[in-house]
Amino acid sequence: MTKIKTASEAVSHIRDGAVIAVNSSSGLCCPDAVLQALGERFDNQGSPRDLTTIHPIAAGDMFGTKGVDHLAKPGMLSRVLGGSYPSGPSSAEPPLIWGRIMDNAIKAYNVPSGILFDMLREAASKRPGVLTKVGMDTFADPALEGCAMNDAARTEAIVKQVNFEGEDWLFFPTVTPDVAIIRGSTADERGNLTFENEGAYLGAMEMALAAHNNDGIVIAQAKRIAQSGTLKPHDVRVPGILVDYVVEAPEQLQTTATAHDPAISGELFRPLDSFRTTGFDVGKVIARRVAQELKKGWAVNIGFGISANVPRIFIEEGCHGDVTWVIEQGAVGGVPLLDFKFGCSSNAEAFVASPHQFSYFQAAGFDASLLSFLQIDRNGSVNVSKLSARPHVTAGSGGFVDITARAERIIFSGYFSAGAKFGLEDGKLTITQQGKVAKIVEEVEQVSFSGTRALRQGQHVTYVTERCVMELREEGLVVTEIAPGTDLQHDILDQADIELTVAKDLKVMDAALFHPDPFGLTLDESDKRA
């Protein structure tokens, strides 16, 4: 019996109430043809109903790959566990899934991406769940929100705090998938799956194992079908013994708004001078100052936002290769991409499966993380995952909680306030209009990162903005540097909703950062890993 099916034939085997794991990161690896067929089956038959879906990283985007929005229909979804959700500009129409969440039509949870991958690995091994300290003192902790995104979710807890061997832990009981929907580049007639045109593996193998080992089904979407026995065994990332149905989708995009870029999949290495560099503006100044925090030889994680521009700063300054960039989707090295292609890297040295990458992050195997912030409070806690006024502007936490749980050094970056207007002239910052909304606040809307816990663990935390640099210390947020051209009292202290401490050795940021020419970035040698 052949495993090759149409998308509609494959999804006909999904029953009401099924738990479905989807391997995707926005448009990257998204099995959109299968999800579309599943949504169309519901439209035509009213089934399958009351589904639970698990998305360690968002399935779909707001730019042409619908992903989970194919399933965001009344009666079709009852529960979603997502590390992140489709997101985009506030001016755009919100994804359908956000409407279901905000209307309390489904139970929705924002679970740290790494923990969701861990839950799938536990399901594959038929273990009871994930025992972890990742997420403690954040919104994932049941003492705060327990991952619940709406009132509907608050009626069903998915995490609890337990004491084990005299220590407090978070326990996430296993959620076992009945179906795994994954995607690769080529599948043969036996279901063996390769990823030669993909920019990541994500958690395809873990999802396939979790469904298969629990008597579920695995549906693999692929761009092309090959004859059995023609795929090189080292290229096969998911063996056919785990795959039940193969769906050919020759029009699948490589990632968001990208048909195929061979540099994303490591089939070609681009010249460094082909990478777009950012224009000179205040955001670039912040990214330059972040770059000064790093040391040669470090492995550095990068998140979405201003810090995503730091690799381009390294290229401009002739320092590419002095650090190795690592991102949660699994790329190691190369140049992390921007905008629609964020989550991909060109010229990567290696692709690691996301669950392994998250093990690396959760245990602080790397040297530093560069991340964004929406808000910072008096304890140094950060919100990056919730903006009630415009919920679809943020994707949720993604891997943020996993990455920051034990990281030795974290550099957060962002604008000091929202809505301010600036100028750059003669190596100085001029503030022509103060921001309308403070981002340094008494209490963050959601605790994505706990400053209190970071202090207890001895983590080194820095916050870089356009007008000052701050550090988290026992006495709170301490201003250690100010931008040339700014007034400490009027432009910084008066613009925060809380009292800031000023370092006794307050410095002025390097004026060269505020000029458009290269500023002469040099990195000290790391005293750690070779």
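Structure: above.
Residues numbered from 1 in each chain as written. Predicted model: local features only at pLDDT ≥ 70, side-chain atom pairs only at ≥ 80, totals over all residues. Heavy atoms only, no water.

## Side note on the overall build of the chain
Working step 1: Along the backbone of the chain there are 12 helices and 34 strands.
Working step 2: For the chain, whose C-alpha radius of gyration is 23 Å, the value lies close to the compact-globule estimate of 24 Å for 530 residues.
Working step 3: Viewed in the frame of its principal axes, the chain has a C-alpha envelope of about 75 × 50 × 45 Å.
Working step 4: In the chain, which comprises 530 residues, the proportion classed as buried is 59%.
Working step 5: As presented, the chain carries roughly 20400 Å² of accessible surface, and 48% of it is formed by carbon and sulfur atoms. (Helix = DSSP H or I, 4+ residues; strand = E, 2+ residues; numbered from the N terminus. Rg over C-alpha atoms; globule rule 2.2 N^0.38 Å. Buried < 20%, exposed > 50% of the residue type's maximum accessible area, 1.4 Å probe, protein only. Areas by Shrake-Rupley, 256 points an atom, 1.4 Å probe, with all protein chains shown as cover.)

## Thoughts on the sheet that holds strand β15 (residues 245-248)
Within a beta sheet, neighbouring strands are joined by backbone hydrogen bonds and run either parallel or antiparallel to one another.
Working step 1: Read from one edge to the other, the open sheet built from eight strands follows the order β1-β15-β12-β9-β2-β3-β4-β5, with strand pairing classed as parallel. A strand with exactly one partner marks an edge of an open sheet, and here the two such strands are β1 (4-5) and β5 (107-110).
Working step 2: As judged from the two bridges shared by β1 and β15, these two strands associate in the parallel manner. Paired with I4 across the bridge in β15 is V246.
Working step 3: Lying on the sheet, helix α2 (residues 32-45) is in contact with β2 (19-22), β3 (51-55), β9 (179-183), β12 (217-222) and β15; it crosses β12 at an angle near 120°.
Working step 4: Along the sheet, helix α6 (residues 204-212) contacts β2, β9 and β12; its crossing angle with β9, the most-contacted strand, is approximately 155°. (Pairing = 2+ DSSP bridges. Contact = heavy atoms within 4.5 Å. Axes fitted to C-alpha atoms, helices over the stretch in contact; angles between N-to-C directions.)

## Topic: the nonpolar core
In a soluble, globular protein the nonpolar side chains are often hidden away together inside.
Working step 1: The biggest cluster of nonpolar side chains holds 90 residues, and the ones touching the most others in it are F412, Y463 and L500.
Working step 2: Counting 33 residues, the second-largest nonpolar core is a separate cluster that includes A7, L38, A59 and I219. (Core = buried A, V, L, I, M, F, W, Y, C linked by side-chain atoms within 4.5 Å.)

## Details of the packing of aromatic side chains
Working step 1: All told, the structure shown has 14 aromatic pairs when counted by the stated rule.
Working step 2: With 5.6 Å between their ring centres and 20° between their planes, F412 and Y463 make a pair best called stacked. Of this pair, F412 sits in strand β25 (residues 409-413) while Y463 sits in strand β31 (residues 460-464); the two residues are 51 residues apart in sequence, bridging distant segments of the chain. Each member of the pair F412 and Y463 is classed as buried.
Working step 3: Seen from their ring centres, Y415 and F422 are 6.0 Å apart, and the 15° between their planes marks the pair as stacked.
Working step 4: Looking at F422, the relative accessible area reads 24%, which means it is partly exposed.
Working step 5: A network of ring pairs unites the aromatic residues F117, F358, Y360, F361 and F366 as a single cluster.
Working step 6: Its end group placed over the ring of W169, K133 keeps NZ or CZ at 4.4 Å from the ring centre. (Phe/Tyr/Trp six-rings, centres within 6.5 Å; stacked < 30°, edge-to-face > 60°. Lys NZ or Arg CZ within 6 Å of the ring centre and 35° of its normal.)

## Focus on helix α4 (residues 113-124)
One turn of an α-helix holds 3.6 residues; hence residues three or four places apart share an orientation.
Working step 1: For α4, spanning 12 residues, the distance from its first C-alpha to its last is 17 Å, which sits close to the expected 16 Å at 1.5 Å a residue.
Working step 2: Of all the residues in α4, the buried ones are S113, G114, I115, L116, F117, D118, M119, L120, E122, A123 and A124. (Expected span 1.5 Å × (residues − 1).)

## Observations concerning the packing of α4 against helix α9 (residues 354-362)
Working step 1: Direction vectors running N to C along α4 and α9 enclose 120°, while the axes themselves pass 9 Å from each other. Between α4 and α9, the crossing angle belongs to the class labelled oblique. The way α4 lies across α9 gives a crossing that is left-handed. Across the interface between the two elements, S113, G114, I115, F117, D118 and R121 of α4 pack against S354, P355, H356, F358, S359 and Q362 of α9.
Working step 2: Considering only residue class, the contact of α4 with α9 consists of four nonpolar, six polar and two charged. (Parallel < 35°, antiparallel > 145°, perpendicular 65-115°, else oblique. Left-handed = near helix turned anticlockwise from the far one by under 90°. Nonpolar A, V, L, I, M, F, W, Y, C, P; charged D, E, K, R; others polar.)

## A look at the pattern of salt bridges
Working step 1: Applying the stated criterion across every chain, the model contains 21 salt bridges.
Working step 2: One salt bridge in this structure joins E481 and R289, with 2.6 Å as the shortest N-O distance. A residue pair is termed long-range when its members are at least 10 positions apart, and E481 in strand β33 (residues 476-482) and R289 in helix α7 (residues 282-291) qualify at 192 residues. The pair E481 / R289 is uniform in exposure class, with both members buried.
Working step 3: Salt-bridge contacts for R409 lead to E293; the nearest nitrogen and oxygen are separated by 3.8 Å. (Salt bridge = Lys/Arg side-chain N within 4 Å of Asp/Glu carboxyl O.)

## Observations regarding the state of the cysteines
Working step 1: This model, assessed by the stated rule, comprises zero disulfides.
Working step 2: Of all cysteine sulfurs in the structure, the one in C344 sits closest to C29, which takes part in no disulfide; the separation is 8.4 Å.
Working step 3: A relative accessible area of 0% means that C29 is categorised as buried.
Working step 4: Free of any disulfide, C30 has its nearest cysteine sulfur in C29, 9.1 Å distant.
Working step 5: The class of C30 is buried, set by a relative accessible area of 2%. (Disulfide = S-S within 2.5 Å.)

## Here we look at the pairing of strand β16 (residues 299-302)
Working step 1: The alternating pattern of β16 places A299 and N301 and V300 and I302 on opposite faces, both of which are buried.
Working step 2: The sheet contact formed by β16 and strand β17 (residues 324-326) spans three bridges and is parallel. Each residue of the ladder has a partner; that of A299, found in β17, is T324.
Working step 3: Remark: the β16/helix α8 (residues 310-316)/β17 crossover connection has right-handed handedness. (Right-handed = clockwise from strand over helix to strand, strands pointing away.)

## Some remarks on the sheet that holds strand β14 (residues 236-238)
Working step 1: Taken together, four strands build an open sheet; the order of strands is β13-β10-β11-β14 and the sheet is mixed. One side of each edge strand has no neighbouring strand; the edge strands of this open sheet are β13 (224-226) and β14.
Working step 2: Judged from the two bridges that link them, strand β11 (residues 193-194) and β14 form a sheet pairing that is antiparallel. In the strand pairing of β14, T194 is matched with V236.

## Notes on the environment of D491
Working step 1: Inspection of the secondary structure assignment puts D491 in helix α12 (residues 488-492).
Working step 2: Judged by relative accessible area, D491 falls into the buried class, the value being 8%.
Working step 3: Along the primary structure D491 and I431 are separated by 60 residues, whereas in three dimensions their C-alpha atoms are 7.9 Å apart.
Working step 4: In this view, D491 contacts I431, Q434, R467, G485 and T486; residues no more than four positions away in its chain are not counted.
Working step 5: Engagement of the side chain of D491 in a polar contact is seen with the backbone nitrogen of D487, the distance being 2.8 Å. (Polar contact = N/O pair within 3.5 Å; in protein donor to acceptor, adjacent residues only side chain to side chain.)

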